[in-house]
Amino acid sequence: MKVHGTPTRTIWPVAGADAVEIIDQTALPHSYRVLRLNSLDDVAQAIRSMQVRGAPLIGVSAAYGIALALSRRADDATLLAALQTLAATRPTAVNLHWALARVQACLLPLPAAARAAAAWLEAGRIADEDVDQCRRIGAHGLQRLLSCRRAGHRLEIMTHCNAGWLATVDHGTALAPVYAAFDAGIDSHVWVSETRPRNQGLLTAWELRQHGVPHTVIADNAAGLLLARGTIDAVIVGADRIAANGDVANKVGTCLKALAARAAGVPFFVAAPRSTIDFACATGGDIPIEERAADELRLVHGLDGAGHPGALRQLPADEAVANPAFDVTPASLVSALISERGTCAASREGLLSLYPEERDG
Ligand code: MRU
């Protein structure tokens, strides 16, 4: 996707240096900042602090984190400690564990001297595959979205959180079909919910604006009204983990949109690549839900009247606060899952129809 007209990925290795660069997502939408990460600890901190975020991008970042660790020292103990450090950064997005398992299987059997080069190659492969899978999700998702369009109307899409290219390496998951529609010249418009408390919807608005896609930001609580009024043709979101039965963990607030969409008879789609599906996790009830810092609710961040970034306190420091970062949407509320292999029912059989190789797994 483009930033100020220049094609850009969300993470890239720095040629000639043992380093990667990322877009610092904590600075958006107010400023566009590229940050250099030089070590495993830099990557772990970037994931924890959400400078990089979104399930697929967390996985790719972790793979680069292993490459950075092994560039310094590549013995078994260093590799295993790096895997452990990264696995502990965030609990819900299974892409993290998928990527770490993949690099472990690739690197552990190799002699230490060969590991660093192999780690950079494998991280690059994971990043490139993510781009390709998201592009395919865009093509499959576009067909589903078009089937929801009312004749003679522009396509009205609602999304939640940020499952765009910022959350992946490029294209995005839920937003890939949106970009595909826009690039195909299809008249479309996106309703973007703010996504309190971290406001990832503002990232969605930023990237849609970069690409020129018409959109409108709404407060999270406005979604029910728009759905009930018949304004929306389809809701499409991403996922942090899809259980084997089709239950979906995604940004907190997703389940409320799915409920409102079902009540209004609006299709609710979930777009995600293979790396987000956890066949080892039987149901949504087995998915660990991240509880984040209470200050994410107590403080609001933005620019002051003079345009300087800062935080404002909206709750006293001792106010009791709960901050679960994700929720689980039951498979029964999901109209279809969209992956790089196509679309399927949100069910065990549906998932196995796309991934038959997992049947005996
Ligand atoms: O806490 P975040 O911002 O990492 O959560 C992101 C989401 O919930 C996304 O919807 C999900 O990761 C899908 S990203 C393609």
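You'll find the structure just up there.
Attention here is on the structure that accompanies the text. Counting starts from 1 at the beginning of each chain's written sequence and moves along it residue by residue. Local features in a predicted model are, by the rule used here, given only for residues with pLDDT of at least 70; side-chain atom pairs are given and counted only at 80 or more, and totals for whole chains, interfaces and linings are based on all residues. Values shown for side chains rest on all heavy atoms present in the structure; no hydrogens or waters enter the calculation.

1. Comments concerning the overall build of the chain
Step number 1: Counting secondary structure elements, the chain contains 11 helices and 18 strands.
Step number 2: In this setup the radius of gyration rests on C-alpha atoms only. A globule is expected at 2.2 Å times the number of residues raised to 0.38. Against the compact-globule benchmark of 21 Å for 361 residues, the chain has a radius of gyration of 20 Å, which places it among compact chains.
Step number 3: When its C-alpha atoms are laid out on the principal axes, the chain stretches across 60 × 55 × 45 Å.
Step number 4: Note on contacts: a residue pair is in contact if any heavy atoms of the two residues lie within 4.5 Å. The contacts of the chain with a sequence gap of at least 6 include a subset with a gap of at least 24, amounting to 73%.
Step number 5: Looking at the chain as shown, the accessible area adds up to about 14,500 Å², and 54% of this sits on carbon and sulfur atoms.
Step number 6: Side-chain charges in the chain split into 33 positive and 37 negative, and the spacing between the mean points of these groups amounts to 3 Å. Labels follow the DSSP assignment, with helices taken as runs of H or I lasting at least four residues and strands as runs of E lasting at least two, numbered in each case from the N terminus. With residues, only the protein chains shown are counted as cover, and all accessible areas are computed by Shrake-Rupley using a 1.4 Å probe. Charge counting treats Lys and Arg as positive and Asp and Glu as negative, with His and both chain ends excluded. The atoms used to mark charge sites are NZ of Lys, CZ of Arg, CG of Asp and CD of Glu.

2. Focus on the environment of L57
Step number 1: Relative to the elements of secondary structure, L57 occurs in helix α2 (residues 55-72).
Step number 2: C-alpha separation for the pair L57 and N162, spaced 105 residues apart in sequence, amounts to 12 Å.
Step number 3: Apart from the residues lying within four places of it in its own chain, the contact partners of L57 are T10, I11, Q25, V52, L166, A167 and T168.

3. Some thoughts on the packing of aromatic side chains
Step number 1: Only rings of Phe, Tyr and Trp enter the pairing, Trp through its six-membered ring, and a pair is recorded when the two centres are within 6.5 Å. The plane angle decides the type: under 30 degrees is stacked, over 60 is edge-to-face, the rest tilted. Following the criterion strictly, the structure yields three aromatic pairs and no others.
Step number 2: Sitting over a ring, as applied to charges here, requires NZ of Lys or CZ of Arg to be within 6 Å of the ring centre and within 35 degrees of the ring normal. Looking at K251, its charged tip hangs above the ring of F326, at a distance of 4.1 Å from the centre.
Step number 3: Looking at R274, its charged tip hangs above the ring of Y355, at a distance of 5.8 Å from the centre.

4. Regarding the pattern of salt bridges
When charged atoms on two side chains of opposite charge get close, those side chains can pair.
Step number 1: Note on definitions: salt bridges are taken to be side-chain nitrogens of Lys or Arg within 4 Å of carboxyl oxygens of Asp or Glu. Per the stated rule, a full pass over the model turns up 21 salt bridges.
Step number 2: The partner of D75 in a salt bridge is R73, with the nearest N and O atoms 2.9 Å apart.
Step number 3: According to the relative accessible area criterion, D75 is partly exposed, its value standing at 26%.
Step number 4: A salt bridge links R154 to E156, with the nearest nitrogen and oxygen atoms 2.6 Å apart.
Step number 5: Three labels apply to residues, based on accessible area from a 1.4 Å probe with only protein chains included: buried if under 20% of the type maximum, exposed if over 50%, partly exposed otherwise in between. The class for R154 is partly exposed, based on a relative accessible area of 33%.
Step number 6: The network of salt bridges with common partners includes R90, R198, E290, R292 and E296.

5. Considerations on the sheet that holds strand β13 (residues 277-278)
Step number 1: Spatially, four strands are ordered β13-β10-β11-β16 in an open sheet, and the strand pairing comes out mixed. Edge positions in the sheet fall to β13 and β16 (326-329), since each has one partner strand and no second.
Step number 2: Between any two strands, at least two bridges found by DSSP are needed for them to pair. Summarising the sheet, strand β10 (residues 241-243) and β13 pair through two bridges and their orientation is parallel. Following the sheet pairing, I242 is matched in β13 by I277.
Step number 3: Angles shown run from 0 to 180 degrees and are taken between the N-to-C directions of axes, each axis being a line fitted to C-alpha atoms and, for helices, limited to the stretch in contact. The strands touched by helix α9 (residues 254-264) are β11 (248-251) and β16; relative to β16, the strand with the most contacts, the crossing angle is about 30°.

6. Thoughts on the side chain of T173
Step number 1: Relative to the elements of secondary structure, T173 occurs in the loop between β6 (155-159) and α6 (176-183).
Step number 2: Under the relative-accessibility criterion, T173 is labelled buried at 6%.
Step number 3: Leaving out residues up to four positions away in the same chain, T173 has contacts with P56, C134, I137, A163, G164, T168, G238, A271, A272 and P273.

7. A look at the sheet that holds strand β5 (residues 34-37)
Step number 1: Taken in spatial order, the three strands of this open sheet run β3-β4-β5, and their pairing is antiparallel. What marks the edges here is a single partner per strand, and that holds for β3 (11-13) and β5. Across the sheet, the mean angle separating the axes of adjacent strands is 25° when strand polarity is ignored.
Step number 2: One ladder, built from three bridges, connects β3 with strand β4 (residues 20-23); its direction is antiparallel.

8. A look at the environment of R72
Step number 1: Here R72 shows up in helix α2.
Step number 2: Residue R72 is classed as exposed on the basis of its relative accessible area of 63%.
Step number 3: C-alpha of R72 to C-alpha of D220: the two residues are 148 residues apart in sequence and 45 Å apart in space.
Step number 4: Among residues more than four places away in sequence, those in contact with R72 are N38 and S39.

9. Examining the nonpolar core
One broad rule of soluble globular proteins: the nonpolar side chains tend to lie buried together.
Step number 1: The term nonpolar core refers to a set of buried residues drawn from Ala, Val, Leu, Ile, Met, Phe, Trp, Tyr and Cys, joined through side-chain atoms within 4.5 Å. Residues I11, Y64, I66, L70, L86 and L107 are the most contacted members of the largest nonpolar core, which totals 41 residues.
Step number 2: Secondary structure elements with two or more residues in this core: β4, α1 (40-48), α2, α3 (76-87), α4 (95-107) and α5 (112-146).
Step number 3: A total of 12 residues in this core trace back to one element, the largest contributor, which is α2.
Step number 4: L70 has contacts with L79, L107, R115, A116 and A119, leaving out every residue within four places of it along the chain.
Step number 5: Counting 30 residues, the second-largest nonpolar core is a separate cluster that includes A258, V270, L333 and C344.

10. Comments concerning the site of the ligand
Step number 1: In the vicinity of the ligand there are 19 residues, among which R53, R90, D240, N250 and K251 approach most closely.
Step number 2: The backbone of G54 places a nitrogen or oxygen atom 3.0 Å from an oxygen atom of the ligand.
Step number 3: N or O atoms closer than or at 3.5 Å make up a polar contact, with two conditions inside protein: a donor-capable atom paired with an acceptor-capable one, and, for residues adjacent in sequence, both atoms drawn from side chains. Within the side chain of R90, a nitrogen or oxygen atom sits 2.8 Å from an oxygen atom of the ligand.
Step number 4: Taken by itself the ligand offers 420 Å² of open surface, and the protein chains cover 100% of this.
Step number 5: Under the convention adopted here, Pro, Cys and the residues Ala, Val, Leu, Ile, Met, Phe, Trp and Tyr are nonpolar, Asp, Glu, Lys and Arg are charged, and Gly plus all remaining residues are polar. For the shell around the ligand, a count of residues per class yields eight nonpolar, seven polar and four charged.
Step number 6: Here the limits of each domain have been adopted from an automatic or database domain assignment. In this structure, the shell around the ligand is formed jointly by two domains, domain 1 (2-131) and domain 2 (140-358), each of which donates at least three residues. By convention in these notes, a residue is near a molecule or strand provided one of its non-hydrogen atoms lies within 4 Å of it.

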